[in-house]
Amino acid sequence: MKKIITWIMLILSLGMIGYSGQIMYTNIKGNVEKGTLQKDIKKLDETIKEKNIMLTEVKTKDAELRKKYNEIRQQKGIKVVYLTFDDGPTPNNTPRILDILKKNNIKGTFFVIGQNPDMYKRIVDEGHAIAIHTYSHIYKEVYASEDAFFKDLYKLRDLIIEKTGVNPKVTRFPGGSSTTRAPKAIKQAIIKRLTKEGYVYQDWNCDSTDASGNKVPVEKLVRSSFCNVREVNLLMHDSYAKTTTVEALQQIIDTYKSKGYIFEVLTVDSPKFQHIKQPENID
Ligand SMILES: [Zn+2]
């Protein structure tokens, strides 16, 4: 009997040892894995930091090169035209404009509003600049207050980022920066905040006159769209009603080509075409 009890005790103790051994093993293994994971996370964090530094350097270099390029272009007297399209995109006009630009192998700048957002991507994919023209484009809403303007601007910015991955820094005021639809004090506050947040607004120095009515005759658009200056920022629209702008576009391009102009997109480093000057920076 005693012998049997001794055996049972022995078996039980062995079992206990085995059990606690397993717990110990699991704990050690867990700790080792945790340690390895923490090391991996640390390594990844360091990699992210390094890549961010590299990205900032590349961006700075890119901005410097763009600036240099613009300076050289100005020194050499190379003429440039910035084709700009406001109030789109629209399914009836924007794809036709993009087709024409593609055929001519030139790029334009699209000041979009918050409509047909699935069309933003093609604009970006084909190398054009996408820029902010406000989400609603409703004067009494966007110019109601500084906050109303920025709420609307951020809404469009977020939509553009979601659809294209691009965070645009170039904007255009509905009606231009000299619009009288915005109370003066509100507009000043908006300009100050745009500057503080790194936005550059672009007006125009050449008006196709396609905003003067719908179906403005092609000949009139072609005539108005050529401005004999070294740097042209040409205002056009790709909204639903502006069908004659599309019809005039090839002739407008041909005119500038024949006069030796190159075609560029607007960036924050481009020459500023502003009816009301933007301060250089805000402290
Ligand atoms: Zn507009």
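Residue numbering note: each chain is counted from 1, following its sequence as written. Where totals are concerned, whole chains, interfaces and linings use all residues; where local detail is concerned, this predicted model gives features only for residues with pLDDT of at least 70, and gives and counts side-chain atom pairs only at 80 or more. The side-chain quantities take in all heavy atoms of the structure and omit both hydrogens and water.

Novice: Describe helix α5 (residues 146–164), with residues and values.
Specialist: For the purposes of this entry, the term helix denotes a DSSP run of H or I that reaches at least four residues, the term strand denotes a run of E that reaches at least two, and both are numbered from the N terminus. Expected helix span is taken as 1.5 Å per residue step, with the number of steps being one fewer than the number of residues. Counted at 1.5 Å a residue, the expected span for α5 with its 19 residues is 27 Å, and the 27 Å between its end C-alpha atoms agrees. Residues are treated as being in contact if the distance between any of their heavy atoms lies within 4.5 Å. For α5, the secondary structure elements touched by its buried residues are β2 (109–112), α3 (120–125), β3 (129–132), α4 (139–142), β4 (170–171) and α6 (184–196). Residue G165 follows α5 closely and has a positive phi angle near 80°.

Novice: How would you summarise the state of the cysteines if you had to cite specific residues and measurements?
Specialist: In what follows, a disulfide is any cysteine sulfur pair within 2.5 Å. According to the stated counting rule, one finds one disulfide in the structure shown. What pairs with C206 in a disulfide is C227, and their sulfur atoms sit 2.0 Å apart. Across the disulfide from C206 to C227, rotation about the S-S bond amounts to roughly 85°, and the bridge is consequently right-handed. With C206 in strand β6 (residues 206–207) and C227 in the loop between α7 (218–225) and β7 (231–237), this residue pair connects regions lying 21 residues apart in the sequence. C227 matches C206 in its accessibility class, with the two residues each being buried. Buried means the residue's accessible area, taken with a 1.4 Å probe over protein chains only, is under 20% of the maximum for its type, while exposed means over 50%, and partly exposed covers the values in between.

Novice: Quick rundown of the domain arrangement of the protein? Include the residues and the values.
Specialist: These domain boundaries are the output of an automatic or database domain assignment. With domains assigned, the protein is organised as domain 1 (1–77) and domain 2 (79–263). When each unit is reduced to the centre of its C-alpha atoms, the spacing between domain 1 and domain 2 is 47 Å. Contacts between the two partners involve five residues from domain 1, matched on the other side by six residues from domain 2. Accessible area, probed at 1.4 Å, shrinks when two parts are joined; the buried area is that loss added up over both. Of the roughly 390 Å² buried at the junction of domain 1 and domain 2 (both faces included), carbon and sulfur atoms supply 37%. Contact with domain 2 buries area across many residues of domain 1, yet R73, Q74 and G77 alone supply 88% of it, more than any other trio. For this analysis, a salt bridge means a side-chain nitrogen from Lys or Arg found within 4 Å of a carboxyl oxygen belonging to Asp or Glu. At the boundary of domain 1 with domain 2, the tally comes to one salt bridge. Nitrogen and oxygen atoms within 3.5 Å of one another constitute a polar contact, given that in protein one can donate a hydrogen and the other can accept it, and given that sequence-neighbouring residues count only through two side-chain atoms. Seen at the junction of domain 1 and domain 2, the total is four residue pairs in polar contact (both at pLDDT 80 or more). Following the grouping adopted for this structure description, the nonpolar residues are Ala, Val, Leu, Ile, Met, Phe, Trp, Tyr, Cys and Pro, the charged ones are Asp, Glu, Lys and Arg, and the polar ones are all others, Gly among them. In the side of domain 1 that touches domain 2, the residues fall into one nonpolar, three polar and one charged.

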